[in-house]
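# Coordinate analysis (summary)
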Amino acid sequence: MNPQTESQPSLSFHLIPAQAGKEGGAISLPKSPSYLDPETLEIGTEKPAPSQRRLTFEPHGRNLLVLNPDRVPLRVNDLNAPRVHLLEEGDHLLIGNQHLLATALYNCPEIGPPPSANIGRACPVCRNTFTSEDRVYHCGSCGGVLHLEEGDNPDESLQCALSVTHCLTCNHPINLEEGYITQGIFEQ
Ligand SMILES: [Zn+2]
Ligand SMILES: [Zn+2]
């Protein structure tokens, strides 16, 4: 798999319990493989012991791979799921005949100093070169950066990320708002 297109540093998957409402009790899945206890819904990144029954989750961009080697009862959108299954945002999971969870994508824009590889390079919007003092928005798809300095006066602070709607390198939409991008979870 190509890490350039697979990695989406700003996007992560959450599992949202049906009972808890939209914001409460969400389980945030790490970018690396993680292991869910089907009884307690505890999530961990340590490889489980062979005696422990776990569901394994692996995010791949906008998809979420679920592996079920221990044959935990698992239904996805009211159908029995195979032992390896690719989930999408908005899928409903019934785990162990008791826990109903929905998958949702959460956007957390990455804003901070530019990576060292970008220092000295020109910003694609304003053509000023990036310095280590700059504050930039990182594209969630290609890792490209655009100025996003703090302050209300555009004459004094470079806010290049606000002046475009899509990344100029890969055309991925720029989303500066932190929150769920999956709509209508548990609504019908
Ligand atoms: Zn700029
Ligand atoms: Zn990009």
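Residues numbered from 1 in each chain as written. Chains lettered and ligands numbered in written order. Predicted model: local features only at pLDDT ≥ 70, side-chain atom pairs only at ≥ 80, totals over all residues.

Another aspect to go through is the pairing of strand 11 (residues 99-107). Bridge count between strand 1 (residues 11-17) and strand 11: seven bridges; the pairing is antiparallel. The residue of strand 11 that forms the bridge with histidine 14 is alanine 104. Bridge count for strand 10 (residues 92-95) against strand 11 is four bridges, and the pairing is antiparallel. By the bridge assignment for strand 11, isoleucine 95 is matched with histidine 99. Joining the antiparallel neighbours strand 10 and strand 11 is a turn of three residues, in which glycine 96 adopts a positive phi near 60 degrees. Sheet analysis places strand 11 next to strand 15 (residues 179-180), joined by two bridges and oriented antiparallel. Along strand 15, the bridge assignment pairs tyrosine 106 with tyrosine 180. (Pairing = 2+ DSSP bridges. Helix = DSSP H or I, 4+ residues; strand = E, 2+ residues; numbered from the N terminus.)

Moving on, we come to the sheet that holds strand 6 (residues 63-67). The five strands are arranged 4-3-5-6-9 in an open sheet whose pairing can be described as antiparallel. Taken across any chain shown, the strands that pair with only one partner, and hence form the sheet edges, are strand 4 (43-44) and strand 9 (84-88). The pairing of strand 6 with strand 9 spans five bridges and is antiparallel. Within the sheet, the bridge partner assigned to leucine 65 lies in strand 9 and is leucine 86.

On to the confidence of the model for the protein chain. Per-residue confidence for the protein chain averages 89 on the pLDDT scale, and 91% of its residues sit at or above 70. Low pLDDT (under 50) marks residues 1-6, which in the prediction has five contacts with non-local residues, meaning those over four places away or in another chain. (pLDDT = per-residue confidence, 0-100. Contact = placed C-beta atoms within 7 Å.)

Taken together, the three strands give an open sheet; going across it, the order is 12-13-14, and neighbouring strands pair in antiparallel fashion. Each of the sheet's edge strands pairs with one partner strand only, and the pair in question is strand 12 (110-112) and strand 14 (145-147). Between one strand and the next, the sheet's axes are offset by a mean angle of 30 degrees, whatever the strand orientation. Sheet analysis places strand 13 (residues 136-138) next to strand 14, joined by three bridges and oriented antiparallel. Each bridged residue has a counterpart across the sheet, and for tyrosine 137 the counterpart in strand 14 is leucine 146. (Axes fitted to C-alpha atoms, helices over the stretch in contact; angles between N-to-C directions.)

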